Amino acid sequence: MASAAAASPSLSLNQTSHFQHQTSLVTWLKPPPSSALFRRKTLPFFERHSLPISASSSSSSTSLSVHEKPISNSVHFHGNLIESFENQDSSYAGTIKGASLIEELENPVERNGLSGRRRLFMQDPPWISALFLKGLSKMVDQTLKIERKDIDKRKFDSLRRRQVKEETEAWERMVDEYRDLEKEMCEKNLAPNLPYVKHMFLGWFQPLKDVIEREQKLQKNKSKKVRAAYAPHIELLPADKMAVIVMHKMMGLVMSGHEDGCIQVVQAAVSIGIAIEQEVRIHNFLKRTRKNNAGDSQEELKEKQLLRKRVNSLIRRKRIIDALKVVKSEGIKPWGRATQAKLGSRLLELLIEAAYVQPPLTQSGDSIPEFRPAFRHKFKTVTKYPGSKMVRRYGVIECDSLLLAGLDKSAKHMLIPYVPMLVPPKRWKGYDKGGYLFLPSYIMRTHGSKKQQDALRDISHKTAHRVFEALDTLGNTKWRVNRNILDVVERLWADGGNIAGLVNREDVPIPEKPSSEDPEEIQSWKWSVRKANKINRERHSLRCDVELKLSVARKMKDEEGFYYPHNLDFRGRAYPMHPHLNHLSSDLCRGTLEFAEGRPLGKSGLHWLKIHLANLFAGGVEKLSHDARLAFVENHLDDIMDSAENPIHGKRWWLKAEDPFQCLAACDILTQALKSPSPYSVISHLPIHQDGSCNGLQHYAALGRDSFEAAAVNLVAGEKPADVYSEISRRVHEIMKKDSSKDPESNPTAALAKILITQVDRKLVKQTVMTSVYGVTYVGAREQIKRRLEEKGVITDERMLFAAACYSAKVTLAALGEIFEAARAIMSWLGDCAKIIASDNHPVRWITPLGLPVVQPYCRSERHLIRTSLQVLALQREGNTVDVRKQRTAFPPNFVHSLDGTHMMMTAVACREAGLNFAGVHDSYWTHACDVDTMNRILREKFVELYNTPILEDLLQSFQESYPNLVFPPVPKRGDFDLKEVLKSQYFFN
């Protein structure tokens, strides 16, 4: 029996475990407590490593004996431990010193054909060290880690290859698609069943390709003296690819921004020229790195081969930036606006020549099919402003009405080049170094301001590294599509929209002309028609916008995750570079997006999820204390669960929310938590928002250290949030009440005050108060308040409405000046400094606390006339004379925007260092529910850190150093508010 036991020496803790690893290692385990011995069936380590032992067993007895042999002969650390046990002979008698064998009360099992083996726990012999076990565990973990890393690398490489294709081969894929459709149409002698816009594109593709080819040959055969200015550039792409770009770019402009069915020629020509230039760079790179052409010389073949090897090597080593340098060193200089406009104009002309539409055929078969141009070139004359005699004449491309009909239903078939990325964006290292892998990416949206571009190009990585870090942090946040919410959106949209903030998919009917010849009736009808057309234009634009957003969501919904590269506006505020489906956009987008990484809610996370839901429902709930918001959610739990389980056909409570789709997403996760036996362990992907309280005024209050203003915008702790909008509305009501008691004959505003006194509320003044710190003018405030009064519908007469809006705007701005006196003083000081600098013909410049150079771009533009084949284009370019008025009025809001952008970026970097996922929407900071407390602490600490620096004093010093010949007023006096109070204010961001 002993020899038999030695021949199959396998003892295991788990009855169901088998030899899964053939290893030369043995593991000794300490016995568990006797109570656990019969309770626990599996020890994880034994699942990986079985314990071979030579034992003798008696069939008639439960007792086991182990034969003894000197230990020194049985174990050698440098040899094969398993062999040292298996090679022991049957004369091994006695007991092993220091070891205890304990019978495991399990039924005997068959293993390798032998049955009746009993299982043992063996205590560690003294010669087995903890170091040995640690090393073994480390080795196994390291092996698993390497395997996991290899899998992750293969996955990442696959995603990166897809991303490169998305950026470099999008137009080529579209060309191939039209070729395939044409082939199918010819083979079947039947037009394929296509969406409206694709059907049109298919009809235009071949004619447009033919006229472009004709133009390319024509220009190529001309001598240099008579060739057109665009000739060298129209040859740089194949005609089919150029045709696809022109069609898609033109229709994209029609969908996103037409006015009465017209697109300005300058806008269309330059957009097409830019798209062609970008594709030329990528096309040349692909052409040089693809397979050899038959006509290539030996030197060209060798050059291509070396280039391919170099690029492949760089990509394999993840040196994407170096690979991009190869693309950028193709010897193509930037074209400039003039070249882009000339080429774009000629291609527009060819599109007008080739593109036609056909009205539906009548029932009678003998009618001749009608074809008419899809686009027409004409000139429009408009007055500079209502009532002015000054007129402006400009060229437009007019779209046929048939082209516009139904176009919004086909927006999803348009090509969108800047889609979210499948892999993290390149790290920012300079003005044009970062973001997308191959698509042109710039760290700032300068809108052609050469002064701002030069300032950014001169900046060193060391100076602005914190800005780069912040943009990288925002870009590395991984997102995914919330499929549940997308499904609800799709169903509502398919049913016609006009619900949950979705635009109505039907147009407003145009009123019929009255049969009467009464001039008043005719005039009223004209006004009605004009209003209906305006509403329909707005609806068309909004429908196209929804379709574009949904098309991106549909494309990305099956992805595990994706990323948004970020860049800055000229003030230093961060934005995603993808324009459609992003978290800075509408409630539709925010509800459809969520973090790709999920984290357990935890106790604090469930608390913040409920507060977040109350905030999204809004309607005044968001202004209550946290306890009151929690009570609101508890009182509506039935509605919340019904919304999550039956959003379309249930009670639809979520549709009452101010942000319905985001509210529905919160209802979903809260319902999951409440139904779970372990709510704190439910995994949440939902971003939880913490928003500033009138954030612009918060920054002014911190700059001025005024205690009253600080308390008004929640820089000081309180039992419930202070509401500055309600405070202003109360003051406006007091002023109007006082005015209403005056004699109407001597005081014209008395009558208006009597009408308006019942109309004043928080909503009436909110937008004006919010934008006052960002430089809203009296005219802007008047228009804001006029819109709110129109919504109320009490005043219907247009003249009375205008007068009431004028009066309300004056009173609101006066109330603001009374309450926020210190903020007004700082605004005035900033404006005065800007006026002094601009009066000396200098743009206002400053450096943000993170080292970002900012240059205000407001200069008087100069007209640059470009003669094209279509018309003479007047391009606007930056002049040398600054616009003093714009420099002065824009500086206060721009400076505050640069500070709130700085605060957000400081918070983003600190959150990343703390291991948080972070997203920012200017003054709204997002993270996982379980991490809200950590983010709240960080954002308050960073706000205090930012304003503990002498910001205004440093600004004044920089002005004095930059303009030593100019005299600036002193910095306004500060109050005595202690910034550390912010750390204790729970409603500062809430």
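Only a predicted model underlies this, so the values are computations on that prediction, with no experimental measurement involved.

Undergrad: Whenever I open this one, the overall build of the chain confuses me. Can you help?
TA: For the chain, the helix and strand inventory stands at 35 helices and 30 strands. The buried share among the 990 residues of the chain stands at 49%. Considering only contacts in the chain between residues 6 or more positions apart, those separated by 24 or more positions represent 72%. Carbon and sulfur atoms make up 51% of the accessible area of the chain, which amounts to about 49000 Å² in all.

Undergrad: I keep staring at helix α29 (residues 762–772) and nothing clicks. Help me out?
TA: Residues three or four positions apart in an α-helix share a direction because the helix packs 3.6 residues into each turn. Along α29, the residues classified as buried are Leu764, Val765, Thr768, Val769 and Ser772. The buried residues of α29 all sit within an arc of 105 degrees when viewed along its axis, so they share a single face. Tucked inside the fold, the buried residues of α29 contact α25 (695–704), α27 (724–740), α30 (778–792), α31 (798–819) and α32 (821–839).

Undergrad: Can you help me understand the pattern of salt bridges in this one?
TA: When charged atoms on two side chains of opposite charge get close, those side chains can pair. Per the counting criterion, the structure on display carries 47 salt bridges. Of the charged contacts, one joins Arg214 and Glu353 as a salt bridge, the two residues approaching to 3.1 Å between their closest N and O atoms. You can see Arg214 sitting in helix α8 (residues 196–221) and its partner Glu353 sitting in helix α14 (residues 337–354), a full 139 residues away along the chain. Look at Glu353 and you get partly exposed, because its relative accessible area is 36%. A salt bridge links Glu727 to Arg730; the shortest N-O distance between them is 2.8 Å. Taken as a pair, Glu727 and Arg730 lie in helix α27 at a separation of 3 residues, close to a single helical turn. Through salt bridges with shared partners, a single network forms among Glu490, Arg505, Glu547 and Arg554.

Undergrad: What exactly am I supposed to notice about the nonpolar core here?
TA: As a rule of thumb, soluble globular proteins bury nonpolar side chains together. The biggest cluster of nonpolar side chains holds 108 residues, and the ones touching the most others in it are Leu715, Ile728 and Phe820. Here this core takes 11 residues from helix α33 (residues 884–913), the largest share from any one element. By size, the runner-up hydrophobic cluster in this structure holds 62 residues, among which are Ile485, Leu550, Ala614 and Val932.

Undergrad: Whenever I open this one, the sheet that holds strand β30 (residues 924–927) confuses me. Can you help?
TA: Adjacent strands of a sheet pair through backbone hydrogen bonds, lying either parallel or antiparallel. Overall, antiparallel pairing links the 3 strands, which are arranged β24-β30-β29 in an open sheet. The open sheet terminates on both sides in strands that have one partner only, identified here as β24 (688–691) and β29 (919–921). Across the sheet, the mean angle from the axis of one strand to that of its neighbour is 25 degrees, orientation sign disregarded. Both β24 and β30 contribute to a ladder of 4 bridges, which runs antiparallel. Of the residues in β30, the one forming a bridge with Gln690 is Tyr925. Relative to β30, helix α34 (residues 932–947) is tilted by about 145 degrees, and along the sheet it contacts β24 and β30.

Undergrad: Even after reading the chapter, I still don't get a positive patch on the surface, so can you show me in this structure?
TA: The grouping of Lys835, Arg885, Lys886 and Arg888 at the surface amounts to a positive patch. Mapped onto the fold, Lys835 is located in helix α32. Judged by relative accessible area, which is 44%, Lys835 ranks as partly exposed.

Undergrad: Which parts of the structure should I look at to understand the sheet that holds strand β16 (residues 444–445)?
TA: What the 3 strands build is an open sheet, ordered β16-β19-β20; its pairing is mixed. With one partner strand each, in any of the chains shown, β16 and β20 (574–576) form the two edges of the open sheet. Looking at chain direction, strand β19 (residues 566–569) and β20 are connected through 3 bridges and run antiparallel. Note on β20: the bridge partner recorded for His566 is Pro576. Its contacts with the sheet put helix α17 (residues 465–475) on β19 and β20, and the angle it makes with β19 is roughly 130 degrees.

Undergrad: Mind showing me how you'd approach the environment of Ala500 here?
TA: On the secondary structure map, Ala500 appears in the loop between α18 (483–494) and α19 (519–556). Take Ala500: its relative accessible area is 14%, and that puts it in the buried class. With 158 residues separating them along the chain, Ala500 and Glu658 place their C-alpha atoms 8.9 Å apart. With residues up to four places along the chain from it excluded, the contact list for Ala500 reads Leu492, Trp654, Leu655, Pro660 and Phe661.

Undergrad: Can you walk me through the packing of α27 against helix α28 (residues 749–756) in this structure?
TA: The geometry of a pair of packed helices is captured by two quantities: the angle between their axes and the separation between those axes. One way to put it is that α27 packs onto α28 with a least axis distance of 8 Å and a crossing angle of 130 degrees. One element, α27, and the other, α28, form an angle in the oblique class. Crossing geometry of α27 relative to α28 is assigned as left-handed. Contacts between α27 and α28 involve Met736, Asp739 and Ser740 on the former and, on the latter, Thr749, Ala750, Ala753, Lys754 and Leu756. Across the contact of α27 with α28, the residue classes break down as 4 nonpolar, 2 polar and 2 charged.

Undergrad: How should I be thinking about the environment of Asp691 in this particular structure?
TA: Inspection of the secondary structure assignment puts Asp691 in strand β24. Residues Asp691 and Ser924, spaced 233 residues apart in sequence, show a C-alpha to C-alpha distance of 4.3 Å. A polar side-chain atom of Asp691 sits 2.4 Å from a polar atom in the side chain of Ser924.

Undergrad: Can you walk me through the state of the cysteines in this structure?
TA: Note on terminology: a disulfide is the covalent bond linking the sulfur atoms of two cysteines. Scanning the model with the defined rule gives 0 disulfides in all. Not engaged in a disulfide, the cysteine Cys663 finds its nearest cysteine sulfur in Cys667; these two sulfurs lie 4.2 Å apart.

Undergrad: Where do I start with unusual backbone geometry in this structure?
TA: Backbone phi values are negative for most residues with the exception of glycine, while trans is the configuration of most peptide bonds. Of note in the backbone geometry, Ala500 takes a positive phi value of approximately 55 degrees without being a glycine. Although it is not a glycine, Arg705 adopts a positive phi angle of roughly 55 degrees. Mapped onto the fold, Arg705 is located in the loop between α25 and α26 (707–712). Given the relative accessible area of 11%, Arg705 is considered buried.

Undergrad: Can you walk me through the packing of aromatic side chains in this structure?
TA: Two measures describe an aromatic ring pair: the distance that separates the ring centres and the angle between the ring planes. Summed over the entire model, instances satisfying the criterion amount to 21 aromatic pairs. A ring pair is formed by Tyr431 and Tyr442, whose centres lie 5.4 Å apart and whose planes are at 40 degrees; its orientation type is tilted. On the criterion of sequence distance, the pair formed by Tyr431 in the loop between β14 (426–430) and β15 (433–435) and Tyr442 in the loop between β15 and β16 is long-range, its members being 11 residues apart. You can call Tyr442 partly exposed: its relative accessible area is 38%. Pairwise contacts between aromatic rings join Phe918, Tyr925, Phe943, Tyr947, Phe988 and Phe989 into one cluster. The ring of Phe379 has Arg393 sitting right over it, with the charged end atom 4.3 Å from the ring centre.

Undergrad: Explain the side chain of Asp240 here, please?
TA: In this fold, Asp240 is placed in helix α10 (residues 239–257). The class of Asp240 is buried, set by a relative accessible area of 8%. Not counting chain neighbours up to four residues away, the residues in contact with Asp240 comprise Val175, Arg179, Phe205 and Lys209.

Undergrad: When you look at the pairing of β30 in this model, what are you seeing that I'm missing?
TA: A regular strand carries its side chains on alternate faces of the sheet. Of the two faces of β30, both are covered, the one formed by Ser924 and Trp926 as well as the one formed by Tyr925 and Thr927. For β29 and β30, the ladder comprises 3 bridges, and the chain directions are antiparallel. Looking at β30, one finds that Val921 is bridged to Ser924. Between β29 and β30, which pair antiparallel and follow one another directly, the connecting turn spans 2 residues, one of which, His922, has a positive phi of 60 degrees.

Undergrad: Explain the side chain of Arg705 here, please?
TA: Summary of buried charges: Arg705 has no salt-bridge partner, and the nearest side chain of opposite charge, Asp978, is 7.1 Å away. Of the polar contacts made by the side chain of Arg705, one reaches the backbone oxygen of Tyr947; its length is 2.9 Å. If sequence neighbours within four positions are ignored, Arg705 has contacts with Tyr947, Asn948, Arg974, Gly975, Asp976, Phe977 and Leu979.

Undergrad: Where do I start with the packing of α18 against α19 in this structure?
TA: Their axes nearest at 12 Å, the elements α18 and α19 cross at an angle of 145 degrees. Considering how the two elements wind past one another, α18 and α19 form a crossing that is left-handed. The segment α18 lies against α19, with Leu486, Val489, Glu490 and Trp493 engaging Arg543, Val546, Glu547, Leu550, Ala553 and Arg554. Along the lines of polarity and charge, the residues of the contact of α18 with α19 split into 6 nonpolar, no polar and 4 charged.

Undergrad: Would you mind going over α28 with me for this structure?
TA: Every buried residue of α28 is listed here: Ala750, Leu752, Ala753 and Leu756. Here the buried residues of α28 occupy an arc of 160 degrees about the axis, which is enough to place them on one side. The secondary structure elements touched by the buried residues of α28 are α27, α30 and α31.

Undergrad: How should I be thinking about the confidence of the model for the chain in this particular structure?
TA: Caution applies to low-pLDDT regions: their predicted coordinates should not be interpreted in detail. Here the chain shows a mean pLDDT of 78. Residues at 70 or above account for 75%. Here residues 1–122 is a poorly scored stretch, pLDDT under 50, and it has 182 contacts once near neighbours within four places are set aside; other chains count.

Definitions and limits used
- Residues numbered from 1 in each chain as written.
- Predicted model: local features only at pLDDT ≥ 70, side-chain atom pairs only at ≥ 80, totals over all residues.
- Heavy atoms only, no water.
- Helix = DSSP H or I, 4+ residues; strand = E, 2+ residues; numbered from the N terminus.
- Buried < 20%, exposed > 50% of the residue type's maximum accessible area, 1.4 Å probe, protein only.
- Contact = heavy atoms within 4.5 Å.
- Areas by Shrake-Rupley, 256 points an atom, 1.4 Å probe, with all protein chains shown as cover.
- Arc of directions from axis to C-beta.
- Salt bridge = Lys/Arg side-chain N within 4 Å of Asp/Glu carboxyl O.
- Core = buried A, V, L, I, M, F, W, Y, C linked by side-chain atoms within 4.5 Å.
- Pairing = 2+ DSSP bridges.
- Axes fitted to C-alpha atoms, helices over the stretch in contact; angles between N-to-C directions.
- Patch = residues over 30% accessible without salt bridge, like charges linked within 9 Å, V, L, I, M, F, W, Y side chains within 5 Å.
- Lys, Arg positive; Asp, Glu negative; His and termini not counted.
- Charge placed at Lys NZ, Arg CZ, Asp CG, Glu CD.
- Parallel < 35°, antiparallel > 145°, perpendicular 65-115°, else oblique.
- Left-handed = near helix turned anticlockwise from the far one by under 90°.
- Nonpolar A, V, L, I, M, F, W, Y, C, P; charged D, E, K, R; others polar.
- Polar contact = N/O pair within 3.5 Å; in protein donor to acceptor, adjacent residues only side chain to side chain.
- Disulfide = S-S within 2.5 Å.
- Phe/Tyr/Trp six-rings, centres within 6.5 Å; stacked < 30°, edge-to-face > 60°.
- Lys NZ or Arg CZ within 6 Å of the ring centre and 35° of its normal.
- pLDDT = per-residue confidence, 0-100.

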